[in-house]
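Spelled out, the chains give:
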Amino acid sequence: MKVELRQAEDQAEDEPPDQPAPDRLVPDQLVLESFFLSNDYGRDKKSVYVRDKNSGYGRGVTTSRQEREGYGRSGKPKSVPKSVPKSIMESFFGGVTAEDWNDGSWQLKNRLTTLDELTRLLSLTPHQALRHRRLLEYFHYSITPYYLSLIDWSDPRDPIRKQCIPDMKELELRVVGDNDPLEEEEDMQAPGLVHRYPDRVLAVVTNMCAMYCRHCTRKRIWHEGETFRSRTELLAMADYVRRTPEVREVVVSGGDPLTMNPELLDWFLGELSSIPHVEVLRIGTRVPVVMPMGITDELARMLARHRPLWINTQFNHPNEITPESAEACDRLLRVGIPVSNQSVLLKGINDCVDVMKALCHALQRIMVRPYYLYQCDPVRGVEHFRTSIWKGIEIMEMMRGYTGGLCIPTFVVDAPGGGGKIPLQPFYLLSASDKYATLRNYEGMIIKYYNPTDGGSAAASSGGSATASSGGLSAASSGGSAAASGGGSAADVGGRTRAASSSRTSIDAAGGCASIDAGGRAPAGADKLRCLSYVKKTRVPDGTPRAARRNHKGGATPRV
Ligand code: SF4
């Protein structure tokens, strides 16, 4: 992204005068080459890459907030009219005490939600206000004071602003896409309870959120206002889970479950935890991002009582990682609740490798694991946020290998029609035969890789070569089976006789799928039977996708 830095013609009068200094950036001679290289929020340091227009000489520059004064994130000079942002915050929340500001209930109570507030916020003309009234009839809005305070009003493309302020494009594009592209309603077994995948269900317990993300996949439930499932409805969900022994994980989502009455949430989580076959609970919430003061020690302790419980949140841009949001995540982590992140790939917000890398690095610093990067769903009123899938793959390509695997999310498309999540990534496996695979590394290096034969299937698929039929496992292939079977003894790896018997063990433990998938062939004899019965048990049956899923009754997209 090239953005010319130019002199601020309309620089606010109250900005400090330009003080030339030897190492000070001179706006009209510099070009901002990239978004930024790093952003250390804790220490208020930001690195950008700048190039001198005349000499062409470029360098990375680390600046403090003070040094950056006068320059917006987009590289344009900050020309902040006197009315924003301070007076906006003052006019809406003037006189608020620090105690109130840091109180989640105060934040909830003081959200901006009305057309009047939006008119004041955006200084809408009467005509614009009329159009926004129509927009709000379709898609309401709500912004917490905290999230509002993160907006850089000098930047019309501010990523926080885009996520929370209603945009007329939502109205213009409301006929594009679907209300429910993931067909969650089709798989509902009780009001709010979606069962799609074999071993997990999704409980939509409310349609209320602290802030309504303009790109939300569940915009369809906004028209119901702000409601919560009653205790009776929650009980009906828990009853369904109790009657369905294959469910081992319940994803509690909404809306945002952390906007619920904590006592009711505590009770519901308790009901779910008391079901013997429910092993894990998961909560999808954006409260740590949009209202971090809502994560209190008390709430964290309550959630911790229902461990194993995982929290998935949704940071989409590094500007959302603030001391407050880091503290909220830390509160959860300190009581033993792992926090993962599910970003949505959003045009003009994070569809850039620099931004995504900065986000994932910042997440790793605050101990939040980047988990998924979702392709934005084809939802009505969201089309303007959608990128091509190539953008996501390109971001993955530019991250894999260039930064640590722990801060690389999986890029997934949630298939329309209820097809579930499909991971996408660049092509690293170029071709493969039984013996060799041709691989590409992140730098484009092409590598011929010897492909060892897998366990018992080697005997069947190789037509019984002396080595394979007598032993079943070579030293190389036994490594994999040892890991799969959990055996891993020296005899497994080195001893042929022992290996022959352990090959069966490995099929039992790993389900034999590796044998089938690796060569595309099932093994022979008894092993074949074992493998096929395993596949029958675990694979979604053939047939139409819809029917298959219905028969299988799976869970749904864990989206906050
Ligand atoms: S994305 Fe999640 S937090 Fe945002 S509006 Fe939708 S349900 Fe609420």
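What you see is a predicted model, and the numbers here were worked out from it, not measured in a lab.

### Things to note about the overall build of the chain
- Helix and strand counts for the chain stand at 24 helices and 18 strands.
- Put simply, the chain has 560 residues, and 39% of those count as buried.
- Once local pairs closer than 6 in sequence are excluded, the contacts in the chain between residues at least 24 apart make up 69%.

### Digging into the sheet that holds strand β17 (residues 436-440)
- Here 3 strands make up an open sheet; going across it, the order is β16-β17-β18 and the pairing antiparallel. Looking along the sheet, the strands with just one partner apiece sit at the ends: β16 (429-432) and β18 (446-450). Adjacent strand axes in the sheet meet at a mean angle of 20° when their direction is disregarded.
- With 5 bridges connecting them, β17 and β18 associate as antiparallel partners. Counterpart to A437 in the pairing with β18 is Y449.

### Brief notes about the pairing of strand β15 (residues 420-423)
- Pairing geometry for strand β14 (residues 410-415) and β15, over 4 bridges, is antiparallel. Bridge pairing links A415 to G420 in β15.
- Count of turn residues in the β14/β15 antiparallel hairpin: 4 residues, of which G417 carries a positive phi of about 80°.

### A short note on unusual backbone geometry
- Looking along the chain, the bond that leaves G254 and enters G255 is cis, with omega of 20°.
- Tracing the sequence through the fold places G255 in the loop between β9 (249-253) and α11 (262-273).
- You will see that S123, though not glycine, has its phi angle at about 50°, which is positive.
- Looking at the secondary structure, you find S123 in the loop between α5 (115-122) and α6 (126-138).
- Residue classification places S123 among the exposed positions, given that 11 C-beta atoms sit within 10 Å.
- Of note in the backbone geometry, M367 takes a positive phi value of approximately 70° without being a glycine.
- Considering the arrangement of structural elements, one finds M367 in the loop between α15 (353-365) and β13 (369-375).

### Here we look at the packing of α15 against helix α16 (residues 389-399)
- Contact geometry of α15 with α16 gives a least axis separation of 10 Å together with a crossing angle of 60°. One finds that α15 runs oblique with respect to α16. The element α15 and its partner α16 pack so that their crossing is right-handed. Contacts between α15 and α16 involve V353, M356 and K357 on the former and, on the latter, I395, M398 and M399.
- Broken down by class, the residue content of the contact of α15 with α16 amounts to 5 nonpolar, no polar and 1 charged.

### A look at the sheet that holds β13
- The mixed open sheet is built from 10 strands, whose spatial order is β6-β7-β8-β9-β10-β11-β12-β13-β14-β15. What marks the edges here is a single partner per strand, and that holds for β6 (188-190) and β15. The sheet shows a mean angle of 30° between the axes of neighbouring strands, direction not considered.
- The strands that helix α10 (residues 231-243) touches are β6, β7 (193-195), β8 (200-204) and β9; relative to β6, the one it contacts most, it runs at about 110°.

### A short note on the confidence of the model for the chain
- Per-residue confidence for the chain gives a mean pLDDT of 75; residues scoring 70 or more make up 66%.
- Note that residues 55-84 has pLDDT below 50 and, in this model, 65 contacts with residues that lie over four places away or in other chains.
- Within the model, the stretch residues 457-560 combines pLDDT values under 50 with 170 contacts to residues more than four positions away or in other chains.

### Quick notes on the pairing of strand β12 (residues 339-345)
- Along β12, 6 of the 7 residues are buried, which leaves the element largely enclosed by surrounding structure.
- Summarising the sheet, strand β11 (residues 309-313) and β12 pair through 3 bridges and their orientation is parallel. Counted as the bridge partner of I311 is V339 from β12.

### Examining α10
- Between its first and last C-alpha, α10 extends 18 Å over 13 residues, near the 18 Å set by a 1.5 Å rise per residue.
- At its buried positions, α10 is contacted by β6, β7, β8, β9 and α11.

About the criteria used
- Residues numbered from 1 in each chain as written.
- Predicted model: local features only at pLDDT ≥ 70, side-chain atom pairs only at ≥ 80, totals over all residues.
- Helix = DSSP H or I, 4+ residues; strand = E, 2+ residues; numbered from the N terminus.
- Buried ≥ 20, exposed ≤ 12 C-beta atoms within 10 Å, placed from the backbone.
- Contact = placed C-beta atoms within 7 Å.
- Pairing = 2+ DSSP bridges.
- Axes fitted to C-alpha atoms, helices over the stretch in contact; angles between N-to-C directions.
- Parallel < 35°, antiparallel > 145°, perpendicular 65-115°, else oblique.
- Left-handed = near helix turned anticlockwise from the far one by under 90°.
- Nonpolar A, V, L, I, M, F, W, Y, C, P; charged D, E, K, R; others polar.
- pLDDT = per-residue confidence, 0-100.
- Expected span 1.5 Å × (residues − 1).

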